[in-house]
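# Per-entry structural report
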Amino acid sequence: MDSQYSQFGSSDNSPVSSVHTEYRTSAQTGMTKIVAYVLYGVLVLLLIILLLVTGVKFSQLNKEVTDVKLSLERISNERHSSSSSGTCQVGWVSFQRSCYLLSTTGLTWHRAEAQCITYGGHLLVLNTVEELDFISKIVEITHNYWIGLVERTHEGHWSWVDGTDFSTTPNYWDIGQPDNWDYRENGEDCGQIHGFDRRIRKLLNDADCGLQYRYICEAKV
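Everything quoted here is computed from the prediction, not taken from an experiment.

Definitions and limits used
- Residues numbered from 1 in each chain as written.
- Predicted model: local features only at pLDDT ≥ 70, side-chain atom pairs only at ≥ 80, totals over all residues.
- Heavy atoms only, no water.
- Helix = DSSP H or I, 4+ residues; strand = E, 2+ residues; numbered from the N terminus.
- Buried < 20%, exposed > 50% of the residue type's maximum accessible area, 1.4 Å probe, protein only.
- Contact = heavy atoms within 4.5 Å.
- pLDDT = per-residue confidence, 0-100.
- Arc of directions from axis to C-beta.
- Disulfide = S-S within 2.5 Å.
- Pairing = 2+ DSSP bridges.
- Polar contact = N/O pair within 3.5 Å; in protein donor to acceptor, adjacent residues only side chain to side chain.
- Core = buried A, V, L, I, M, F, W, Y, C linked by side-chain atoms within 4.5 Å.

On to the overall build of the protein. On a plain count of helices and strands, the protein comes out with four helices and eight strands. When the helices and strands of the protein are placed in sequence order, the string is α-α-β-β-α-β-α-β-β-β-β-β. Going through the 221 residues of the protein one by one, you find that 28% of them count as buried. Here the contacts in the protein between residues at least 6 apart in sequence split such that 71% fall between residues at least 24 apart.

A word on the confidence of the model for the protein. Chain-level pLDDT for the protein is 83 on average; 76% of the residues reach the 70-or-more range. For residues 1-11, every residue scores under 50 in pLDDT, and the model assigns this stretch one contact once sequence neighbours within four places are set aside. Contacts from residues 77-85, a stretch scored under 50 in pLDDT, to residues over four places away or in other chains number two contacts.

Attention shifts here to helix H3 (residues 109-118). Within the sequence span of H3, burial applies to Trp109, Ala112, Glu113 and Cys116. End-on, the buried residues of H3 take up no more than an arc of 100°, which puts them together on one face. Structural note: H3 exposes Arg111 and Thr118 on the side pointing more than 90 degrees away from its buried face. Those residues of H3 that are buried are in contact with strand S3 (122-123), strand S4 (145-151), strand S6 (190-193) and strand S8 (214-220). After H3 finishes, the residue Gly120 shows a positive phi value of roughly 90°.

The tally for this structure, following the rule as stated, stands at three disulfides. The residue that forms a disulfide with Cys116 is Cys217, at a sulfur-sulfur distance of 1.9 Å. Between Cys116 and Cys217 the sulfur-sulfur dihedral comes to about -80°; the bridge is accordingly left-handed. Pair noted here: Cys116 is in helix H3 and Cys217 is in strand S8, with a separation of 101 residues, a long-range link. With a relative accessible area of 0%, Cys116 lands in the buried category. For Cys217, a relative accessible area of 0% puts it in the buried group. Along the protein, the cysteines engaged in disulfide bonds are linked according to the scheme 1-2, 3-6, 4-5 when indexed in sequence order.

Moving on, we come to the pairing of S8. Most of S8 is tucked away, with six of its seven residues classed as buried. Bridge count for strand S2 (residues 98-102) against S8 is five bridges, and the pairing is antiparallel. Bridging across to S8, Ser98 finds its partner in Lys220. Pairing geometry for S3 and S8, over two bridges, is antiparallel. If you follow His122 over to S8, its bridge partner there is Glu218.

On to the side chain of Ser98, then. Tracing the backbone shows Ser98 in strand S2. Separated by 3.1 Å, the side chains of Ser98 and Lys220 make a polar contact. Discounting residues that sit within four places of it in the chain, Ser98 has contacts with Cys88, Val93, Glu218, Ala219, Lys220 and Val221.

Ranked by size, the top nonpolar core spans 37 residues in total, and within it Leu126 and Ile135 carry the most contacts. Elements represented by at least two residues in this core include exactly S2, H3, helix H4 (129-138), S4, strand S5 (158-160), S6, strand S7 (204-207) and S8. Considering each element in turn, this core owes the most residues, five residues, to S4. Ile135 has contacts with Tyr100, Leu124, Leu126, Ile193 and Ile216, leaving out every residue within four places of it along the chain.

Sheet faces and side chains relate simply in a regular strand, where the side chains alternate between the two faces. Side chains Cys190 and Gln192 project from S6 onto one buried face, and the interleaved Gly191 and Ile193 project onto a second face that is buried too. Inspection of the sheet shows S4 paired to S6 by three bridges, in the antiparallel sense. Following the sheet pairing, Trp146 is matched in S6 by Gln192. Here S6 runs beside S7; their pairing, made up of four bridges, is antiparallel. Among the inter-strand pairings, Gln192 is bridged to a residue of S7, identified as Asn205.

What follows is the structure in structure tokens.
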């Protein structure tokens, strides 16, 4: 009797066992779905984060590209502005609002002035002591240079080639100059910067216009 009861109670085909099995299977299936949903959600979240990061990076890159374009345009505009405003030509040097060209060959005064005019300028006109000091630093010290100073009408009436009144500019004559040296058949009617054997402030001298000296051209910026 006990044996039969035990066999009946332990049977695997009992309704209770079936319910338990189905419950476990359902629970496992539900857990699997939950895990899948969680993983899917995490994947979607990661994808959204990736898209956001990519968008931010793209925005930064686009801004950097825009900044580079603006910088290039600014540089181009500055070069164009400098070009249009009249920067010095190759071989010329600048000081304040003028450009200067120092020749390395000699010409007569009139030919030197004509040459400077072809460059868009004229022989050097000294307006200030600062300008003279600048020129004194860049010339070759032992050479004389023609400048834009000349006696056009009568003896002792000096004028600058650009029309500047000579009496309004500082007196830069060297000691004893101008002397209109009598040994010169044509007189000494053209002005030049005196050469010297050391670097000092240059002073002016009158000389025969037909002699060949180096010269200094000046053009306004």
